[in-house]
Amino acid sequence: MANPSSKSSGKAPAGGTTRITPRATDYSKWYLDIVEQAQLADHSAVRGCMVIRPYGYSIWEKMQRELDQRFKDTGHQNAYFPLFIPVSFLSREARHVEGFAKECAVVTHHRLRAKTDKSGVEVDPESRLEEPLIVRPTSETIIWSAYKQWIQSYRDLPILINQWANVVRWEMRTRLFLRTAEFLWQEGHTAHATEAEALEETRRMLEVYRDFAENIMAMPVLRGEKTPGERFAGALETFSIEGMMQDRKALQAGTSHYLGQNFARAFDVQFLNAQGQLEHVYASSWGVSTRLIGGLIMTHSDDAGLILPPKLAGIHAVIVPIYKTDEEKTKVYAECEKVMAEIKAQGHGVHWDKREGLSPGSKYYDWEIRGVPLRIEIGPRDVDSGKLVLVRRFVLEQPGENEKALRMRKKQILSRQEALASITPALAEMQQQLFQRALAFRQKNSRLINSMGEYDEFFKQGGGFAWVHWAGTQEDEETMAKQHQTSIRNIPLPGQGPEGSDAPGVCILTGKPSARRVVMSQSY
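Since we're looking at a predicted model, the values are computed, not measured.

**Q** Sorry, what's going on with the sheet that holds strand β8 (residues 128-135) here?
**A** Picture the strands of a sheet paired through backbone hydrogen bonds; they go either parallel or antiparallel. Spatial ordering of the open sheet is given by β4-β8-β5, a layout of three strands whose pairing is antiparallel. Every other strand in the sheet has two partners, leaving β4 (84-86) and β5 (105-109) as the edge strands with one partner each. In this sheet, neighbouring strand axes are inclined to one another by 40 degrees on average, regardless of whether the strands run parallel or antiparallel. Where β5 and β8 come together, four bridges link them in antiparallel fashion. Counterpart to V107 in the pairing with β8 is L133.

**Q** Looking at this model, I keep getting lost on the pairing of strand β17 (residues 317-321). Mind explaining?
**A** For a regular strand, side chains alternate in direction, first toward one face of the sheet and then toward the other. For β17, a buried count of five out of five residues is recorded, marking the element as mostly surrounded by other parts of the structure. In β17, alternate side chains face the same way, and those of A317, I319 and P321 on one face and V318 and V320 on the other are all buried. For β17 and strand β18 (residues 350-352), the ladder comprises three bridges, and the chain directions are parallel. When the bridges of β18 are listed, V318 appears paired with H351. As a crossover connection, the stretch from β17 through helix α9 (residues 326-345) into β18 is right-handed. For β17 and strand β19 (residues 374-378), the ladder comprises five bridges, and the chain directions are parallel. Across the sheet, V318 pairs through a bridge with R375, a residue of β19.

**Q** Looking at this model, I keep getting lost on the pairing of strand β16 (residues 282-289). Mind explaining?
**A** Most of β16 is tucked away: eight of the eight residues are buried. Side chains Y282, S284, W286 and V288 of β16 all project onto a buried face; the interleaved residues A283, S285, G287 and S289 project onto the opposite face, where all are buried too. Bridging between strand β10 (residues 182-192) and β16 involves eight bridges; their strand directions are antiparallel. By the bridge assignment, H189 is partnered in β16 with S285. Inspection of the sheet shows strand β13 (residues 250-260) paired to β16 by five bridges, in the antiparallel sense. Pairing of H257 across the sheet is with S285, part of β16.

**Q** Even after reading the chapter, I still don't get the domain arrangement of the protein chain, so can you show me in this structure?
**A** It is common to give the size of an interface as the accessible area that goes away when the parts come together. Under the domain assignment used here, the protein chain contains domain 1 (61-106 + 135-300), domain 2 (312-440) and domain 3 (446-521). The junction of domain 1 with domain 3 conceals about 1600 Å² of combined surface from both sides, 53% of it contributed by carbon and sulfur atoms. Looking only at domain 1, the three residues that lose the most surface to domain 3 are L222, R223 and R248, adding up to 36% of its buried area. Summed over the shared surface of domain 1 and domain 3, the number is one salt bridge. Among the salt bridges present, the one from R489 reaches E242, with a minimum N-O distance of 3.2 Å. Applying the counting criterion to the domain 1 and domain 3 interface returns eight residue pairs in polar contact (both at pLDDT 80 or more). Going through the elements one at a time, β11 (221-225), β12 (237-244) and β13 are the ones with two or more residues in the side of domain 1 that touches domain 3.

**Q** Please explain the side chain of H348 as it appears in this structure.
**A** One can find H348 in the loop between α9 and β18. Polar side-chain contacts of H348 include one of 2.7 Å to the side chain of T424. With near-sequence residues (within four places) excluded, H348 lies in contact with H316, I343, I423, T424 and L427.

**Q** Looking at this model, I keep getting lost on the environment of Y27. Mind explaining?
**A** One can find Y27 in helix α1 (residues 27-37). Y27 sits 220 residues away from D247 along the chain, and the two C-alpha atoms are 7.4 Å apart. Reaching out from Y27, the side chain makes a polar contact with the backbone nitrogen of Q246 at a distance of 3.4 Å.

**Q** Where do I start with the packing of helix α2 (residues 54-73) against helix α6 (residues 195-215) in this structure?
**A** Think of two packed helices as two axes; the pair is described by the angle between the axes and how far apart they sit. Running from amino to carboxyl end, α2 crosses α6 at an angle of 145 degrees, the nearest separation of the two axes being 11 Å. Remark: the crossing between α2 and α6 carries right-handed chirality. Where α2 approaches α6, its residues M63, E66, L67, R70 and F71 are matched on the opposing element by M205, V208, Y209, D211 and F212. The residue inventory of the contact of α2 with α6, partitioned by class, reads seven nonpolar, no polar and three charged.

**Q** Quick question: what am I supposed to make of the sheet that holds β16 here?
**A** With mixed pairing, the 11 strands of this open sheet are ordered in space as β3-β9-β10-β16-β13-β12-β11-β24-β27-β23-β22. Both edges of this open sheet fall to β3 (77-78) and β22 (446-449), since each of them pairs with a single strand only. Examined bridge by bridge, β12 and β13 share eight bridges and lie antiparallel to one another. Along β13, the bridge assignment pairs E237 with Y258. Those strands touched by helix α14 (residues 423-444) are β11, β12, β22 and β23 (465-469), and its axis lies near 25 degrees from that of β22.

**Q** Would you mind going over the side chain of R442 with me for this structure?
**A** With respect to the element layout, R442 can be found in helix α14. Side-chain polar atoms of R442 contact the backbone oxygen of V221, separated by 3.4 Å. Setting aside chain neighbours within four positions, we find R442 in contact with P220, V221, L222, M244, F465 and Q496.

**Q** For this particular structure, what's the right way to read unusual backbone geometry?
**A** Leave glycine aside and you will find that most residues have negative phi; peptide bonds, for their part, are mostly trans. Cis peptide bonds are those with omega within 30 degrees of zero, and the linkage from L157 to P158 qualifies with 0 degrees. Here P158 shows up in the loop between α5 (140-150) and β9 (159-168).

**Q** Quick question: what am I supposed to make of the packing of aromatic side chains here?
**A** Aromatic rings in a pair are described by how distant their centres are and how their planes are angled relative to each other. Per the counting criterion, the structure on display carries 14 aromatic pairs. Ring geometry for Y27 and W30: centres 5.0 Å apart, planes at 40 degrees, overall tilted. Of this pair, Y27 and W30 are both found in helix α1, three residues apart, which corresponds to roughly one turn of the helix. Considered together, Y27 and W30 belong to a single accessibility category, that of buried residues. Plain terms: the ring middles of F81 and W150 are 6.1 Å apart, the flat faces sit at 40 degrees to each other, and that makes the pair tilted.

The rules we used
- Residues numbered from 1 in each chain as written.
- Predicted model: local features only at pLDDT ≥ 70, side-chain atom pairs only at ≥ 80, totals over all residues.
- Heavy atoms only, no water.
- Pairing = 2+ DSSP bridges.
- Helix = DSSP H or I, 4+ residues; strand = E, 2+ residues; numbered from the N terminus.
- Axes fitted to C-alpha atoms, helices over the stretch in contact; angles between N-to-C directions.
- Buried < 20%, exposed > 50% of the residue type's maximum accessible area, 1.4 Å probe, protein only.
- Right-handed = clockwise from strand over helix to strand, strands pointing away.
- Domains from an automatic or database assignment.
- Buried area = accessible area lost by both parts, 1.4 Å probe.
- Salt bridge = Lys/Arg side-chain N within 4 Å of Asp/Glu carboxyl O.
- Polar contact = N/O pair within 3.5 Å; in protein donor to acceptor, adjacent residues only side chain to side chain.
- Contact = heavy atoms within 4.5 Å.
- Left-handed = near helix turned anticlockwise from the far one by under 90°.
- Nonpolar A, V, L, I, M, F, W, Y, C, P; charged D, E, K, R; others polar.
- Phe/Tyr/Trp six-rings, centres within 6.5 Å; stacked < 30°, edge-to-face > 60°.

Here it is, written out as structure tokens:
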């Protein structure tokens, strides 16, 4: 059996490692501690930007692969468009420029020159561009300028394009993954012959995002339509998926927009329909970004560190060898090699931690912070007895279960055959249980609210998702936001809320008739 003195206590081992701030003490610090200690990302020397470290980028790569396959399965192709956009392009769609003007980074010159005193370089005033260029905040304008060249006939439609790219939206108050001046994302841009096709595409991609969020990220989301004040700049309709984080705030995890003919009119993109008449094209756009990693952290992780749903873990199991002598090391390493090969043969990612100079306990702590779903401990006694120690990063706590019982379910000593056979089922169960826990948390912290008094009390007690009837104006929305630091996250599609949430009623603010409820919450 593995040396019992090496078991993980959930606390940082000696040696200078900083313990993660508990959520109850400082939720924001807890989040940043996990990002830092799990080696997901760092702040950059460039203000407002981040460095995504290899472990964090591996999560984004898994997300990319899952999403990209879904895009291809729904008929989309990948392309790439320029990073720089002429400022005149952004000006063509009035609501679009108004929505992004304050966030744009602008390029005005194209070269530098050496200073006369040789102390460095400066902008060469002779290199001013004839027209300033915007560093891509989103790509509707540059893409629709290309579509004008591509589309002449109904036979050229639909165009179903996705782009993986970086974008820049100048942010002064940033938080790693959640809000940075530069971030990574995908943006879909489609062109259609009819309004019905474009609307169908908008809703189809919302469902693709829901499927990804719930079945891959294990993050339950509410699908719904944004109010006019919360729509994407230039859209006729915007739909979103909204997740509830552990501090009961909402996170907008993805959006899908019906753009009507706005961008086609702005760039005069017309096609000859089957009847020989000229029409403007209908459009959709949709996107998710690296803020999904922030949502992943805040949905699942605990005070011991990151918890990764197995479907997004690059490493599903880590093998930690335990030995004291060279003879024991030889014996244990031989078994580690066999176990690693058998786990790989099952199709799972596995890492063998061979680092010297670290105690097994330090390694346990390190991999616990990184959220690896399974840990396998192998010592000389385990080899002799034909057993393995299997430790789960997460098990769903049962009602009334004490800490000792929970630990026993997390850490099991099994026969070698039983342990290896249990890996695939354990990962599947963990994936399912993470979703169940997050869904139960959202349900517990969602409430039907029928008066402003109930609304005030709900958010004084910590809030969550308030399902309220609403018939207010955009000005009323802004008033509520100022008074309560809440916003309408979306108007949920039917069948997602507590019992009675789809019935008509009266607005909690104005008293006017309301056909359905909206969800209000504090948010990121």
